[in-house]
Amino acid sequence: MTPLPSPQQLRYLVGLADHGHFGRAARACAVTQSTLSAGIIALERQLDAAILERGPAKRPVFTPLGLQLVERARQALAALAAVAETAAAARDPLSGPLRLGVIPTIGPFLLPRLMPALREAFPRLQLWLREDMTDRLAEDLAAGRLDLLLLALPAALPEAETLRVAEDPFLAALPQGHRLAAEPSVPVAALASERMLLLEDGHCLRDHTLAACGLQAAVSSDGFAATSLHTLVQMVAGGLGVTLLPRLAVEGGVLAGASVLLKPLDTPQTRGLGLAWRAHSPRAAEFRSMAPALAAAISGG
């Protein structure tokens, strides 16, 4: 019978894959570099498998089998963590550390309202926050580096459960003097002929905006894209084009100091706001219990 790898060996393996450097991986695992290297070699001998290519490259290069073993190790570590999480959840729900990932088009505008509400509702909860784009947060969630995501829906999360908590309507943002400024609402069909300003690739709001306008790809901006909603607003104020803004961001002050007109759309368009966690997480009931506090913060209640 093949001896089973230890959790520590699996952590060494995943750490090396994540950091791509023996020294950084060792620091992340709180061991010396020689200890981590010896642990990887011992794992190879134990499994009778070549995990790393041996050659002149200074950075670790994983064999095809090694890459498969890294993913298996991630799954195994997540399963082990779930054992402890199940026990902790039964003892004291929504207490202790919770690693929350949030996207940039939500975090700055919702967290100032949400954090006090969560502290009041769950005083024993310790929230650790990471802001990033959806794809990278989804990778961190699948790898067990995050427990829960606060994001815009729909999103491609094949290995996660999602809970849609609220709708976030889009508003048309126009520069002063725009031809549509006198209209009580902006026809969605009219946006196809406008220079549509968007966030750069990787932001889910870019895709949600295109979908709301019925567009397949950017029709304007001459190769320029904003890195944040605040930059996007300034581009509109400068007369470079129009965009759609989520009401959450508007209520959160994204227009501060900018001369921009806001108009409703003639056909309401929204993005969903919600939570996502690993499928079959033992803390799913806990995460669902956070929904009322989230919905109240979104509504401003």
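This text goes with the structure placed above it.
### Quick word on the overall build of the protein chain
- From N to C terminus, the protein chain includes eleven helices and seven strands.
- Along the first, second and third principal axes, the C-alpha set of the protein chain runs to 75 × 50 × 30 Å.
- Burial statistics for the protein chain: of 301 residues in total, 48% are counted as buried.
- Here the contacts in the protein chain between residues at least 6 apart in sequence split such that 74% fall between residues at least 24 apart.
- Distance between charge centroids for the protein chain: 6 Å, based on 27 positive and 27 negative side chains.

### Observations regarding the environment of Ala 28
- Its place among the elements puts Ala 28 in helix α2 (residues 22-28).
- Owing to a relative accessible area of 51%, Ala 28 belongs among the exposed residues under this scheme.
- Here the alpha-carbon distance between Ala 28 and Leu 215, two residues 187 residues apart in the chain, equals 44 Å.

### Here we look at the packing of helix α5 (residues 107-121) against helix α11 (residues 291-299)
- As a packed pair, α5 and α11 sit with axes 9 Å apart at the nearest point and diverge in direction by 140°. Relative to α11, the element α5 lies oblique. Crossing of α5 over α11 shows right-handed handedness. Residues Leu 110, Arg 113, Leu 114 and Leu 118 of α5 lie in contact with α11, whose contacting residues are Ala 293, Leu 294, Ala 297 and Ile 298.
- When grouped by side-chain class, the residues that make up the contact of α5 with α11 number seven nonpolar, no polar and one charged.

### A closer look at the pattern of salt bridges
- Counted according to the given criterion, the structure contains 14 salt bridges.
- For Arg 74, the salt bridge is made with Asp 18, and the minimal N-O distance between the two is 2.7 Å. On the criterion of sequence distance, the pair formed by Arg 74 in helix α4 (residues 64-91) and Asp 18 in helix α1 (residues 7-19) is long-range, its members being 56 residues apart.
- Across the pair Asp 140 and Arg 145 runs a salt bridge whose closest N-O atoms are separated by 2.8 Å.
- Each of Asp 18, Glu 71, Arg 74, Arg 130, Asp 140 and Arg 145 takes part in salt bridges that share partners, so that together they form one network.

### Overview of the environment of Ala 138
- Secondary-structure assignment places Ala 138 in helix α6 (residues 134-142).
- Spatially, the C-alpha atoms of Ala 138 and Leu 157 are 6.7 Å apart, while their sequence positions differ by 19 residues.
- Every residue in contact with Ala 138, bar those within four places of it in the chain, is listed here: Leu 149 and Leu 157.

Scoring rules and cut-offs
- Residues numbered from 1 in each chain as written.
- Predicted model: local features only at pLDDT ≥ 70, side-chain atom pairs only at ≥ 80, totals over all residues.
- Heavy atoms only, no water.
- Helix = DSSP H or I, 4+ residues; strand = E, 2+ residues; numbered from the N terminus.
- Buried < 20%, exposed > 50% of the residue type's maximum accessible area, 1.4 Å probe, protein only.
- Contact = heavy atoms within 4.5 Å.
- Lys, Arg positive; Asp, Glu negative; His and termini not counted.
- Charge placed at Lys NZ, Arg CZ, Asp CG, Glu CD.
- Axes fitted to C-alpha atoms, helices over the stretch in contact; angles between N-to-C directions.
- Parallel < 35°, antiparallel > 145°, perpendicular 65-115°, else oblique.
- Left-handed = near helix turned anticlockwise from the far one by under 90°.
- Nonpolar A, V, L, I, M, F, W, Y, C, P; charged D, E, K, R; others polar.
- Salt bridge = Lys/Arg side-chain N within 4 Å of Asp/Glu carboxyl O.

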